[in-house]
Amino acid sequence: MELDFEKMNGLVPAIIQDNETRKVLMLGFMNKEAYDKTVETGKVTFFSRTKNRLWTKGEESGNFLHVVSIKADCDNDTLLIQVNPAGPVCHTGTDTCWGEKNEEPVMFLKALQDFIDKRHEEMPAGSYTTSLFESGINKMAQKVGEEAVETVIEATNGTDERLIYEGADLIYHMIVLLTSKGYRIEDLARELQERHSSTWKKH
């Protein structure tokens, strides 16, 4: 990757984003040496302008930023680094340098989809998900139907706690069924997005 370090006197800004929640965690600066060390070690290293030296995030606290991917912008003078953080990112103890909680529960659906994809690929023995895949499309579809009925029962005659529990089961088994057909939960999200843009916003 050819980066333009000259535009800002040898530095480029590096936006740090959580790979799972997509929350922006912090902003730092890298010179070429810091960038090279980040690539080499897989842990984000900045050039500290106050300490005037390389600084690996977490070198004192243990809260390292483990690199998942590094992308340069269209001008090759800004980095977007997606990471798995080992703990709170800010020196104040908060999850992000903006005081936000590093949570976005809906993004867990993508992580769950990735997990189910891996199960489908590896089919480990003794896994419940493996047993679902091995049961065939008809059984998987039947399971989705059963979970839908149980969700409806809890919604009409059960408790809110059980409604959430059964609804989660429904989504899990729906993702398994989608995966067996070569689709992902994002395909449902894309369909909903298209409907929203073309139809629902008019109502």
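Small disclaimer: the values here were computed from a predicted structure and weren't measured.

Looking at this model, I keep getting lost on the overall build of the chain. Mind explaining?
In terms of regular secondary structure, the chain is built from six helices and six strands. A compact globule built from 203 residues would reach a C-alpha radius of gyration of about 17 Å, whereas the chain, at 22 Å, exceeds it by more than 25%. Considered along the principal axes of its C-alpha atoms, the chain spans approximately 65 × 50 × 35 Å. Nonlocal contacts in the chain, meaning residues at least 24 apart in sequence, comprise 49% of its contacts between residues at least 6 apart. Entry remark: accessible area of the chain is about 12,600 Å², with carbon and sulfur atoms responsible for 53%. Charged side chains in the chain number 24 positive and 34 negative. The centres of these two groups are separated by 2 Å.

It is not clear to me how the domain arrangement of the chain should be interpreted in this structure. Could you clarify?
Each assigned domain of the chain is listed here: domain 1 (9–83) and domain 2 (104–194). The gap between the C-alpha centroids of domain 1 and domain 2 is 36 Å.

Explain the side chain of His173 to me, please; I cannot follow it from the model alone.
Structurally, the position occupied by His173 is in helix 5 (residues 160–180). Here the side chain of His173 touches Asp169 through a polar contact of 2.8 Å, landing on its backbone oxygen. In contact with His173, not counting residues within four places along its chain, are Tyr128, Leu132, Lys143, Val144 and Glu147.

How should a nonpolar patch on the surface be read in this particular structure?
On the surface, Val24, Leu27 and Trp98 cluster together into a nonpolar patch covering about 300 Å² of accessible area. Tracing the sequence through the fold places Val24 in strand 2 (residues 24–30).

Would you explain the pairing of strand 4 (residues 53–56) in this entry?
For a regular strand, side chains alternate in direction, first toward one face of the sheet and then toward the other. Relative to strand 4, strand 3 (residues 45–48) runs antiparallel, the two sharing four bridges. Bridge pairing links Phe46 to Trp55 in strand 4. The turn linking strand 3 back onto strand 4 is made up of four residues, and Asn52 within it adopts a positive phi angle of 55°.

Please explain the pattern of salt bridges as it appears in this structure.
When their charged atoms lie close together, side chains carrying opposite charge are able to pair. Evaluation of the coordinates by the stated rule reveals 14 salt bridges. The closest approach of N and O atoms between Arg184 and Asp117, which form a salt bridge, is 2.4 Å. On the criterion of sequence distance, the pair formed by Arg184 in the loop between helix 5 and helix 6 (185–198) and Asp117 in helix 2 (residues 108–122) is long-range, its members being 67 residues apart. Residue Arg184 is classed as partly exposed on the basis of its relative accessible area, which comes to 22%.

Would you explain the UniProt feature "domain: Phosphoribosyl-AMP cyclohydrolase" (unreviewed entry) in the chain in this entry?
The sites that UniProt annotates as "domain: Phosphoribosyl-AMP cyclohydrolase" (unreviewed entry) are residues 26–98. Along residues 26–98 one finds 14% helix and 38% strand; the C-alpha atoms at either end are 8 Å apart.

I'm lost on the sheet that holds strand 5 (residues 65–72) in this one. Help?
In any sheet, the strands associate via hydrogen bonds between backbone groups, in a parallel or an antiparallel arrangement. Strand order across the open sheet formed by four strands is 2-1-6-5, with mixed pairing between neighbours. Each edge of the open sheet is held by one strand with a lone partner, namely strand 2 and strand 5. Within the sheet, the average angular offset between the axes of one strand and its neighbour, ignoring direction, is 25°. Where strand 5 and strand 6 (residues 79–85) come together, seven bridges link them in antiparallel fashion. Residue pairing for strand 6: His66 is matched across the bridge by Asn84.

About the thresholds
- Residues numbered from 1 in each chain as written.
- Predicted model: local features only at pLDDT ≥ 70, side-chain atom pairs only at ≥ 80, totals over all residues.
- Heavy atoms only, no water.
- Helix = DSSP H or I, 4+ residues; strand = E, 2+ residues; numbered from the N terminus.
- Rg over C-alpha atoms; globule rule 2.2 N^0.38 Å.
- Contact = heavy atoms within 4.5 Å.
- Areas by Shrake-Rupley, 256 points an atom, 1.4 Å probe, with all protein chains shown as cover.
- Lys, Arg positive; Asp, Glu negative; His and termini not counted.
- Charge placed at Lys NZ, Arg CZ, Asp CG, Glu CD.
- Domains from an automatic or database assignment.
- Polar contact = N/O pair within 3.5 Å; in protein donor to acceptor, adjacent residues only side chain to side chain.
- Patch = residues over 30% accessible without salt bridge, like charges linked within 9 Å, V, L, I, M, F, W, Y side chains within 5 Å.
- Salt bridge = Lys/Arg side-chain N within 4 Å of Asp/Glu carboxyl O.
- Pairing = 2+ DSSP bridges.
- Buried < 20%, exposed > 50% of the residue type's maximum accessible area, 1.4 Å probe, protein only.
- UniProt positions renumbered as here; feature names shortened; annotations may be inferred.
- Axes fitted to C-alpha atoms, helices over the stretch in contact; angles between N-to-C directions.

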